[in-house]
Every structure is written in C-alpha cells, then in structure tokens.
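Single-letter residue listing:
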Amino acid sequence: MNRTYKIIDFEKRKVIEKLYVENWNAQEIAEHLSLSPATIYRELQRGNTGKLDKNGRSGYSAIKAQENAERLRKNRGKRRPTDTDDESGNKHAFVNRDL
C-alpha cells in the first residue's frame, strides 16, 4: 500500500503557526485545514524550534518548517555514501572465502 502525502506550502505553514500560537491543538488545526492530524503532527515536528512557546508547548516556526521541507525535498532519493562504497559511488560485495 503506497502512502501519499500532501505537500504543505508556506502559506499553510503560516496558518498552522498562527493557530498553534493561539493554542489550537493539532486535531483542531487538522480539521480547520482539512488535513490529517498525523500530517499536522509531522509538520509540528518539522518546524520544532527547540524552545517552548507561551503556552508551554514545543515552539513551531513556519520558516524553519519550510527550510527543512525544502532541504529534505532537495536530498530526496540521494543515497549517503557508506564505507563499502568506492570513490565513484559503486558498492562492493565483500566475500569471506574462508567459509
């Protein structure tokens, strides 16, 4: 089963930030924007400032969320090199011939 995710644009992120600062919970924001609560929770993680807001919850920044989303989108599908890769990015199978 393939999952499909909605891409949240910067304008929606600003709405999420405004509602979150006004002490709306994720469920209420999701209903207001016609999105899944899981989408809102992921978004709140993506824009987490690492500080508490005036309501005592983890802070959310639309700008930080947008920057993180763009960085992740840019790097999507790129594989990190591992210690089994050579300089050209080719994988090598190591075989134990003593078996």
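Before reading further, recall that the structure is shown in the block above.
The structure contained in this document is the topic of the report that follows. (Residues numbered from 1 in each chain as written. Predicted model: local features only at pLDDT ≥ 70, side-chain atom pairs only at ≥ 80, totals over all residues. Heavy atoms only, no water.)

1. Side note on the overall build of the chain
Reasoning step 1: Counting its secondary structure elements, the chain contains four helices and two strands.
Reasoning step 2: In sequence order, the secondary structure elements of the chain are arranged as α-α-α-β-β-α.
Reasoning step 3: Within the chain, residue pairs in contact and separated by at least 24 positions form 43% of the contacts whose partners lie at least 6 positions apart.
Reasoning step 4: Here the chain has roughly 8,000 Å² of accessible surface; of this, 50% comes from carbon and sulfur atoms. (Helix = DSSP H or I, 4+ residues; strand = E, 2+ residues; numbered from the N terminus. Contact = heavy atoms within 4.5 Å. Areas by Shrake-Rupley, 256 points an atom, 1.4 Å probe, with all protein chains shown as cover.)

2. Section: the packing of aromatic side chains
Reasoning step 1: Inspection of the entire model under this criterion finds zero aromatic pairs.
Reasoning step 2: For the cation-ring pair, R57 lies above Y20, with the distance from its terminal atom to the ring centre recorded as 3.8 Å. (Phe/Tyr/Trp six-rings, centres within 6.5 Å; stacked < 30°, edge-to-face > 60°. Lys NZ or Arg CZ within 6 Å of the ring centre and 35° of its normal.)

3. A closer look at the pairing of strand 1 (residues 48-52)
Reasoning step 1: With zero of its five residues buried, strand 1 lies for the most part at the surface.
Reasoning step 2: Direction of pairing for strand 1 relative to strand 2 (residues 58-60): antiparallel, over a ladder of two bridges. Note that in strand 2 the partner of L52 across the bridge is S58.
Reasoning step 3: What sits between the antiparallel neighbours strand 1 and strand 2 is a turn of five residues, in which G56 has the positive phi angle 80 degrees. (Buried < 20%, exposed > 50% of the residue type's maximum accessible area, 1.4 Å probe, protein only. Pairing = 2+ DSSP bridges.)

4. Focus: the packing of helix 1 (residues 10-21) against helix 4 (residues 62-75)
Reasoning step 1: Packing of helix 1 against helix 4 leaves a shortest axis separation of 9 Å and a crossing angle of 140 degrees. In terms of orientation, helix 1 and helix 4 fall into the oblique class. Once helix 1 is placed against helix 4, the crossing between them reads as right-handed. Of the residues in helix 4, those in contact with F10, R13, K14 and E17 of helix 1 are A62, I63, A65, Q66, A69 and R73. (Axes fitted to C-alpha atoms, helices over the stretch in contact; angles between N-to-C directions. Parallel < 35°, antiparallel > 145°, perpendicular 65-115°, else oblique. Left-handed = near helix turned anticlockwise from the far one by under 90°.)

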